[in-house]
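Here's the letter readout for the chains.
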2 protein chains.
Amino acid sequence: LKERDFAAITSILRVLNNTEIIEQLDVLELTDAAIVYRLLDKHRALEIFQELDAPVQADLIGGLQRSQVLEVFAGIDAADRVALLDELPAKVATSLLRGLDAPARRETSVLLGYPEGSTGRVLETRFTTLYPQLSVQQALARLHLRLAETEEQSTVMVIDTDRRLLGVVHLAQLLAADPQAQISTLLREAPTADVHEPAADAARRLANSKCEMLPVLDSEHLVVGMLTWPDAVDILEDAEEERTARSAGAEPLHRPYLGTPIRKMVRARIIWLLVLAIGATLTVKVLSSFEATLESMVVLSLFIPLIVGIGGNTGNQAATTVTRALAMGEVRVNDIGRVLVREVRIGAVLGASLGAIGFIISALIFDAQVAAIIGLTLVALCTIAASVGGIMPVIGKLLKVDPAVFSNPFISTFVDAAGLIVYLSVAVLVLG
Amino acid sequence: LKERDFAAITSILRVLNNTEIIEQLDVLELTDAAIVYRLLDKHRALEIFQELDAPVQADLIGGLQRSQVLEVFAGIDAADRVALLDELPAKVATSLLRGLDAPARRETSVLLGYPEGSTGRVLETRFTTLYPQLSVQQALARLHLRLAETEEQSTVMVIDTDRRLLGVVHLAQLLAADPQAQISTLLREAPTADVHEPAADAARRLANSKCEMLPVLDSEHLVVGMLTWPDAVDILEDAEEERTARSAGAEPLHRPYLGTPIRKMVRARIIWLLVLAIGATLTVKVLSSFEATLESMVVLSLFIPLIVGIGGNTGNQAATTVTRALAMGEVRVNDIGRVLVREVRIGAVLGASLGAIGFIISALIFDAQVAAIIGLTLVALCTIAASVGGIMPVIGKLLKVDPAVFSNPFISTFVDAAGLIVYLSVAVLVLG
């Protein structure tokens, strides 16, 4: 037991009954008791918690908050943690987090059994609740007693005795209502979040709903906390920073520009530049296989940056638009067909327009042969670039990779190489 | 007067005294009275409004809300409007907007004398206020009577009889407080916004402050309304959409991706592609001036996309990072020197690293001459690209142009052309 053999402990716990476990918890030193308790499965943990006397409950919560306990669980690697730590019961989770400040809460959330980046990790657990059978007057009296420490809360969750969410009421609504009215008549439905879902998804739902907070429910639909809008704004801005940085081929800094050491800024950028540079060696490869064509008509090399540039821009426009649409929830992965059809059409129109302009201009300056090569290349390239740029973020999302990370180096590399292949193949065709 | 000769009307109004104007307003038909009233300067408008009886005040507000009146003022062009329409007094502005729904409020805001895109145009004017001398109990009673229609408000502004903001109290704070306490003892300071400042700046301040709303004050520091967080989220996301789209060389759609007609999507992208394509003709120009060098050593043309690509990516990384930092208020225009110094250093480190790698790889595959050309080019180019990419958004902001719009085509064009000049000049030097 001192050897932290968690698997052994859980198998022992499985054969003991509740009374035996409570006796054991009583005998153990507080830190050990907390560790053992945390290894119980959710159902057991709730039963036992409810059988304990209030002071013993408080001791247990205190034990779970101890830094030694946190270290023990933080030390287990992520995959084992998921297997070992069942979700904590809503009641215990809320008591555990209440009374901790924000950084401590985030540290402690390692104990909760919610995955990294999930809504469970950004829970606000200091809130007051109401019961449906209260009158408005009784509710106001309860809030008068309870609110002191949670002064900024303005939407109150109404729950039943099992902590099931029945609806929400807004403080302004309570103040405006008839004091004799029953809370149950004032209930409004509210969108909710799940502790296990990605925090960014919940934050987006909150921002779209224009509510002030989302009740956060565990897997049994019981209230464990809420996601408040200042937290949601932080989450959305972090996500936006990542998206922006990665669309430009850099890692997000997550700190103010002027306050970031040069070393960190270089690190955020160089990995991507290397990835892109390695990708770009593909273009060297493509060009060297057409070396004879280039040698026979050096004028073709004059247009290389123009062709590559237009292709890259077209792909980038499509990728950025679709990446943002995915983040905003406007496009889902099963819209991939629709995205493809749209981008093929857009790319074809863009290609036809630019191709026509390119043809006319290069016919005037160079000759009809060059003009035909440029014109045809632009039509084909814009269509390819827009469609690839459009579907790559969706494929990234489908593969559960950050759409911006997935699409950006791929598009640069692929579209550059594809552009050169199209360009020089068209040249070979036109030149005969 | 029927000829809408506003200049003449204002000069007549200037010689009349308040009593005479009130008489005139009385005689005129409601629409005309409203137009005449709106042409008064702010000080006059307030005096006269306060001299009117309540029902006449209501008639006047009704007149100002009439669509004919709105059309008259919407018809004046923007520059004249600024000259003709002084800011409305806070009291009148609030009454005018109250009772209108959001779209109607936005239409009517043309009457207020606040510039396009300013906080004044996104005012929420349905709010209840409190006075400092009330006790908590009296305040709750007042809110009970007043709140019905503004149920979602949770932070209440406390004002004096001149509508000067004294502070704010939160509903939860009121509920928790001793009923006998005086409101003045509960006041908190709140960040505020100015009706004339850009809405995006106010929204950013609100998001950073974690408050729920910002009181919005007119140029005399009197309360005209508030900026609520759902509005702030919309404003920030619109600004973010613009920034994202323009960094990728497209215009923002301001509507969901799948719901936008292909025609509009093409239009949002093609202008930028054309601008970039025209810029790219510069690269054709640069390359043709080095045609002899390219002809004598065709292998040089193989690296064109790689060089141009790395330069473009380096510039883009810097530009995107700085554009976002400007939007977040982390960097200001007078930090331009610091930005330049940082980006020169970052660019030099990136260039040295990539140059060294490029040198080694191309020495292995090609020869020492080619390797020297590639290595030296990358060092110089990364430094140039990062510094130009970094300061361009700041210069854009300095010139009051959208930093993303200003920096993007400029960087693509400039860095591509500069990259080729550096590359081929280095080649000429190395080849002797």
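Nothing here was measured: the structure is a model prediction, and the numbers come from that model.

Trainee: Go over the side chain of Arg44 of chain A with me, naming the residues and quoting the values.
Mentor: Residue and element names in this part refer to chain A. Its place among the elements puts Arg44 in helix α4 (residues 42-51). The charged side chain of Arg44 is buried without a salt bridge, its nearest counter-charge being Glu47 at 4.7 Å. A polar contact is formed between the side chain of Arg44 and the side chain of Asn18, at a distance of 3.0 Å. Apart from the residues within four sequence positions on either side, Arg44 is in contact with Leu13, Arg14, Leu16, Asn17, Asn18 and Ile21.

Trainee: Please set out the nonpolar core residue by residue, giving values where relevant.
Mentor: In terms of nonpolar packing, the biggest core is built from 112 residues, with Phe303 and Tyr423 of chain A together with Phe303 and Tyr423 of chain B touching the most fellow members. Each residue touching Tyr423 of chain A, except ones within four places of it in the same chain, is listed here: Leu300, Phe303, Ile304, Ile307, Ile373, Ile374 and Thr377 of chain A. Residues Ile61, Leu112, Ala202 and Leu214 of chain B belong to the second largest nonpolar core, which totals 95 residues.

Trainee: If you had to explain the packing of aromatic side chains to someone new, which residues and values would you point to?
Mentor: Under the counting rule described, the total for this entry stands at 3 aromatic pairs over all chains. With a centroid separation of 5.2 Å and an interplanar angle of 75°, the aromatic rings of Phe303 of chain A and Phe366 of chain A are classed as edge-to-face. Highlighted residues: Phe303 of chain A in the loop between α15 (291-296) and α16 (304-327) and Phe366 of chain A in the loop between α17 (336-365) and α18 (368-398), separated in sequence by 63 residues. For Phe303 of chain A, a relative accessible area of 6% translates into the label buried. Positioned above the aromatic ring of Tyr257 of chain B is the side chain of Arg342 of chain A, whose terminal nitrogen or guanidinium carbon lies 5.3 Å from the ring centre.

Trainee: I'd like a description of the sheet that holds strand β4 (residues 193-194) of chain A, backed by residues and values.
Mentor: Residues and elements named next belong to chain A. In spatial order, the strands read β4-β5-β6; together these 3 strands make up an open sheet with mixed pairing. Two strands close off the open sheet at either side, each with one partner strand: β4 and β6 (223-228). Two strands pair when backbone bridges link them, and β4 and strand β5 (residues 213-217) are joined in this way by 2 bridges, in the parallel orientation. Residue pairing in the sheet places Ala193 in a bridge with Val216 of β5.

Trainee: Summarise the relation of the copies chain B and chain A; cite the residues concerned and give the values.
Mentor: Rotating chain B by 180° and moving it 0.1 Å along the rotation axis overlays it on chain A with an RMSD of 0.3 Å. What we have between these two chains is a two-fold relation. Residue by residue, 100% of the interface of chain B is reproduced at the interface of chain A, so both copies engage with the same surface.

Trainee: Got a sec to walk through the packing of α4 of chain A against helix α8 (residues 90-97) of chain A? Specific residues and values, please.
Mentor: All names here are of chain A. For the pair α4 and α8, the least separation of the axes is 9 Å and the interaxial angle reads 65°. By the angle between their directions, the pair α4 and α8 is classed as roughly perpendicular. When α4 is examined against α8, the residues Leu46, Phe49 and Gln50 are found in contact with a partner set consisting of Lys91, Val92 and Ser95. When grouped by side-chain class, the residues that make up the contact of α4 with α8 number 3 nonpolar, 2 polar and 1 charged.

Trainee: Let's hear about the interface of chain B and chain A: which residues, and what values?
Mentor: Listed as interface residues are 102 residues of chain B and, on the opposing side, 102 residues of chain A. Inspection of the chain B/chain A interface yields 8 salt bridges. With its nearest N and O atoms 2.6 Å apart, the salt bridge here joins Arg204 of chain B to Glu237 of chain A. If you list the elements that add at least two residues to the side of chain B that touches chain A, you get α10 (136-146), α11 (171-176), α12 (199-209), α13 (229-247), α14 (262-289), α15 (291-296), α16 (304-327) and α17 (336-365) of chain B. If one sorts the elements of the side of chain B that touches chain A by residue count, α14 of chain B sits on top with 16 residues. Its residues assigned to classes, the side of chain B that touches chain A comprises 59 nonpolar, 20 polar and 23 charged.

Trainee: Quick one: what's the story with the pairing of strand β5 (residues 213-217) of chain B, residue by residue and with numbers?
Mentor: Residues and elements named next belong to chain B. A large share of β5 lies buried, amounting to 5 of its 5 residues. Of the two faces of β5, the one carrying Met213, Pro215 and Leu217 and the one carrying Leu214 and Val216 are both buried. Pairing geometry for β5 and strand β6 (residues 223-228), over 5 bridges, is antiparallel. Residue pairing in the sheet places Met213 in a bridge with Thr228 of β6. Hairpin geometry of β5 and β6 is characterised by an intervening segment of 5 residues between the two adjacent antiparallel strands and by a positive phi of about 65° at His221.

Trainee: Run through helix α8 (residues 90-97) of chain B, naming residues and quoting values.
Mentor: With 6 of its 8 residues buried, α8 of chain B lies for the most part within the structure. Of all the positions in α8 of chain B, only Ala90, Val92, Ala93, Thr94, Leu96 and Leu97 of chain B are classed as buried.

Trainee: Before we move on, could you go through the pattern of salt bridges and cite the residues and values that matter?
Mentor: Summed over the entire model, instances satisfying the criterion amount to 20 salt bridges over all chains. Of the charged contacts, one joins Glu343 of chain A and Arg269 of chain B as a salt bridge, the two residues approaching to 2.8 Å between their closest N and O atoms. Separated into two different chains, Glu343 of chain A in helix α17 and Arg269 of chain B in helix α14 make up a pair that spans both. Residue Glu343 of chain A is classed as buried on the basis of its relative accessible area, which comes to 0%.

Trainee: Can you break down a positive patch on the surface residue by residue, with the values?
Mentor: A cluster of basic residues, Arg255, Arg263, Lys264 and Arg267 of chain A, forms a positive patch on the protein surface. Position of Lys264 of chain A among the secondary structure elements: in helix α14 (residues 262-289).

Trainee: For the sheet that holds strand β2 (residues 155-159) of chain A, give the residues involved together with the corresponding values.
Mentor: Think of a sheet as strands paired side by side through backbone hydrogen bonds, with each pair either parallel or antiparallel. Residues and elements named next belong to chain A. Pairing is mixed across the open sheet formed by 3 strands, whose spatial order is β1-β2-β3. Every other strand in the sheet has two partners, leaving β1 (129-130) and β3 (165-170) as the edge strands with one partner each. Summarising the sheet, β1 and β2 pair through 2 bridges and their orientation is parallel. If you follow Thr129 over to β2, its bridge partner there is Met157.

Trainee: Hey, could you go over the environment of Ile278 of chain B for me, with residue numbers and the actual values?
Mentor: Residues and elements named next belong to chain B. Among the structural elements, Ile278 can be located in helix α14. You can call Ile278 exposed: its relative accessible area is 59%. Sequence-wise, Ile278 and Thr413 are 135 residues apart; in three dimensions their C-alpha atoms are separated by 8.8 Å.

Analysis parameters
Residues numbered from 1 in each chain as written. Chains lettered and ligands numbered in written order. Predicted model: local features only at pLDDT ≥ 70, side-chain atom pairs only at ≥ 80, totals over all residues. Heavy atoms only, no water. Helix = DSSP H or I, 4+ residues; strand = E, 2+ residues; numbered from the N terminus. Buried < 20%, exposed > 50% of the residue type's maximum accessible area, 1.4 Å probe, protein only. Lys, Arg positive; Asp, Glu negative; His and termini not counted. Salt bridge = Lys/Arg side-chain N within 4 Å of Asp/Glu carboxyl O. Polar contact = N/O pair within 3.5 Å; in protein donor to acceptor, adjacent residues only side chain to side chain. Contact = heavy atoms within 4.5 Å. Core = buried A, V, L, I, M, F, W, Y, C linked by side-chain atoms within 4.5 Å. Phe/Tyr/Trp six-rings, centres within 6.5 Å; stacked < 30°, edge-to-face > 60°. Lys NZ or Arg CZ within 6 Å of the ring centre and 35° of its normal. Pairing = 2+ DSSP bridges. Least-squares fit on C-alpha atoms with pLDDT ≥ 70 in both. Axes fitted to C-alpha atoms, helices over the stretch in contact; angles between N-to-C directions. Parallel < 35°, antiparallel > 145°, perpendicular 65-115°, else oblique. Nonpolar A, V, L, I, M, F, W, Y, C, P; charged D, E, K, R; others polar. Patch = residues over 30% accessible without salt bridge, like charges linked within 9 Å, V, L, I, M, F, W, Y side chains within 5 Å. Areas by Shrake-Rupley, 256 points an atom, 1.4 Å probe, with all protein chains shown as cover. Charge placed at Lys NZ, Arg CZ, Asp CG, Glu CD.

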